[in-house]
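Understanding the architecture of this molecule
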Amino acid sequence: MTLCENVASHLSTYLSQNIVCGPIEAGYEVLVTPLLYPDRDNIELFLTETPDGLIRVSDLGQTMLKLSDYGFVPNRAPRRRAMIYQITASLGVRYENGSVLVDADQSTLGSKVWDLLMAVQKLSDLAFTVPAYVRASFSDEVEDYLVGRNIQYNRGVQLYLPTGYSFIIDFVIQETSLVHVLSANSQSYARERASLVYQNFMELREAQDPRQRVAVLDDRSEVWSDNTSIPMSHAANIVVRWSKKAELERVLTT
């Protein structure tokens, strides 16, 4: 096997293992991909069938919502709107009412979904064109917290389990704790994030990984209902809220 063939094989395995089908939301099937927004949230696509038998794939406006949070608001500048249309047109996808989408049949589904993912990735990077872009992601805030308390950590670590499952954990703390951090602006997105973390932690438990499994919830947004957080606690050793800093420090240092 050549080096190129070896890389292609590993890349194919990585993509297949890290593309997850999430729960059905409001009539849409959810595809969670390993590609990331600037705040390290996974890019998600939403799938449904059109009346004429095609498959519609859309981000349902998540990309524009995130750009707005970052300070990139298209309605404030014609140049920003032009950048959006230039990106979507170059990749053959549509921009409609704030959403990025494509319609595909079975023969073109793979290539068109890939074009859509590339468009979403390029659009999300427009956040870095905002001169005043200094908004820290929740992961950045957690990292600052760890640094301030001299807690040793590694961020964004790829874990490979003996079961063959692999994923990126947000933080490995002192080699004794595995930490996922969760932030969301809506209850539906909170459920999706919790579902993915639940899966990752269940895989760790199945692999009998001895490290502590910790989920940290950004509870400044009131989206973490008991229906979302309690099931996740069945897979995590500990679910702690960001507002409980003393409890968080105790969990990570003992």
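As the structure is a computational prediction, the values presented were derived from the model and not from experiment.

**Digging into the nonpolar core**
- One finds Leu116 and Leu126 to be the most contacted residues of the largest nonpolar core, which totals 28 residues.
- Going through the elements one at a time, strand E2 (29-36), strand E3 (42-49), strand E4 (55-58), helix H2 (62-70), helix H3 (78-90), strand E6 (99-104) and helix H4 (109-124) are the ones with two or more residues in this core.
- Considering each element in turn, this core owes the most residues, 6 residues, to H4.
- Apart from the residues within four sequence positions on either side, leucine 116 is in contact with Leu45, Val57, Ser58, Val93, Val100, Leu101 and Val102.
- Leu159, Val172, Val197 and Met232 belong to the second-largest nonpolar core, a separate cluster that totals 23 residues.

**Quick notes on the domain arrangement of the protein chain**
- Taken domain by domain, the protein chain consists of domain 1 (3-132) and domain 2 (138-253).
- A separation of 25 Å is found between the C-alpha centroids of domain 1 and domain 2.
- Each partner contributes to the interface: domain 1 provides 15 residues, whereas domain 2 provides 17 residues.
- Counting each side, the surface lost to burial between domain 1 and domain 2 is near 1300 Å², with a carbon and sulfur contribution of 40%.
- Contact with domain 2 buries surface across domain 1, with Gln17, Glu25 and Arg40 losing the most and accounting together for 35% of the total.
- For the pair domain 1 and domain 2, the interface holds 1 salt bridge.

**Thoughts on unusual backbone geometry**
- The residue glutamate 175 is not glycine, and still its phi comes out positive at about 60°.
- Looking at where glutamate 175 falls in the secondary structure, it is placed in the loop between strand E8 (166-173) and strand E9 (177-182).
- Although it is not a glycine, glutamine 208 sits at a positive phi angle of roughly 55°.
- According to the relative accessible area criterion, glutamine 208 is exposed, its value standing at 68%.

**Overview of the pairing of E9**
- Among the 6 residues in E9, 6 count as buried, and that is most of the element.
- Covered by surrounding structure in E9 are Ser177, Val179 and Val181 together with Leu178, His180 and Leu182, the residues of both alternating faces.
- One ladder, built from 3 bridges, connects E8 with E9; its direction is antiparallel. Its bridge partner being in E9, isoleucine 173 is matched across the sheet by serine 177.
- Pairing between E9 and strand E10 (residues 212-217): 6 bridges, direction parallel. Note that in E10 the partner of histidine 180 across the bridge is alanine 215.
- Once you follow E9 into helix H6 (residues 187-206) and on to E10, the crossover reads as right-handed.

**With respect to the pattern of salt bridges**
- Considering all chains together, one arrives at 11 salt bridges under this definition.
- One salt bridge connects arginine 94 with glutamate 96, and the closest N-O pair in it is separated by 2.6 Å.
- With a relative accessible area of 29%, arginine 94 lands in the partly exposed category.
- Across the pair arginine 220 and aspartate 218 runs a salt bridge whose closest N-O atoms are separated by 2.8 Å.
- Overlapping salt bridges, with partners in common, bring together Arg56, Arg94, Glu96 and Asp103 in one network.

**Examining helix H5 (residues 138-148)**
- All of the buried residues in H5 are Phe138, Ser139, Val142, Glu143, Tyr145 and Leu146. Along the axis of H5, the buried positions cluster into a sector of 155°, meaning they face one direction only. Of the exposed residues in H5, those oriented more than 90 degrees away from the buried face are Asp144 and Gly148.
- Its buried side turned inward, H5 meets strand E7 (153-160), E8, E9, E10 and helix H8 (245-253).
- Directly after H5, the chain includes asparagine 150, whose backbone phi takes a positive value near 55°.

**A few points about the packing of aromatic side chains**
- Using the criterion set out here, one finds 5 aromatic pairs in the structure.
- Relative to tryptophan 242, the ring of phenylalanine 138 lies with its centre 5.3 Å away and its plane at 90°, an arrangement referred to as edge-to-face. Of this pair, phenylalanine 138 sits in helix H5 while tryptophan 242 sits in the loop between strand E11 (238-241) and H8, and the two are 104 residues apart along the sequence.
- Judged by centre distance (5.7 Å) and plane angle (45°), the ring pair of tyrosine 165 and phenylalanine 167 falls under tilted.

**Brief notes about the side chain of aspartate 103**
- Tracing the chain through its elements places aspartate 103 in strand E6.
- When residues no more than four places from it in sequence are discounted, the contact partners of aspartate 103 are Thr50, Leu54, Ile55, Arg56, Arg94 and Lys112.

Parameters at a glance
- Residues numbered from 1 in each chain as written.
- Predicted model: local features only at pLDDT ≥ 70, side-chain atom pairs only at ≥ 80, totals over all residues.
- Heavy atoms only, no water.
- Core = buried A, V, L, I, M, F, W, Y, C linked by side-chain atoms within 4.5 Å.
- Buried < 20%, exposed > 50% of the residue type's maximum accessible area, 1.4 Å probe, protein only.
- Helix = DSSP H or I, 4+ residues; strand = E, 2+ residues; numbered from the N terminus.
- Contact = heavy atoms within 4.5 Å.
- Domains from an automatic or database assignment.
- Buried area = accessible area lost by both parts, 1.4 Å probe.
- Salt bridge = Lys/Arg side-chain N within 4 Å of Asp/Glu carboxyl O.
- Pairing = 2+ DSSP bridges.
- Right-handed = clockwise from strand over helix to strand, strands pointing away.
- Arc of directions from axis to C-beta.
- Phe/Tyr/Trp six-rings, centres within 6.5 Å; stacked < 30°, edge-to-face > 60°.

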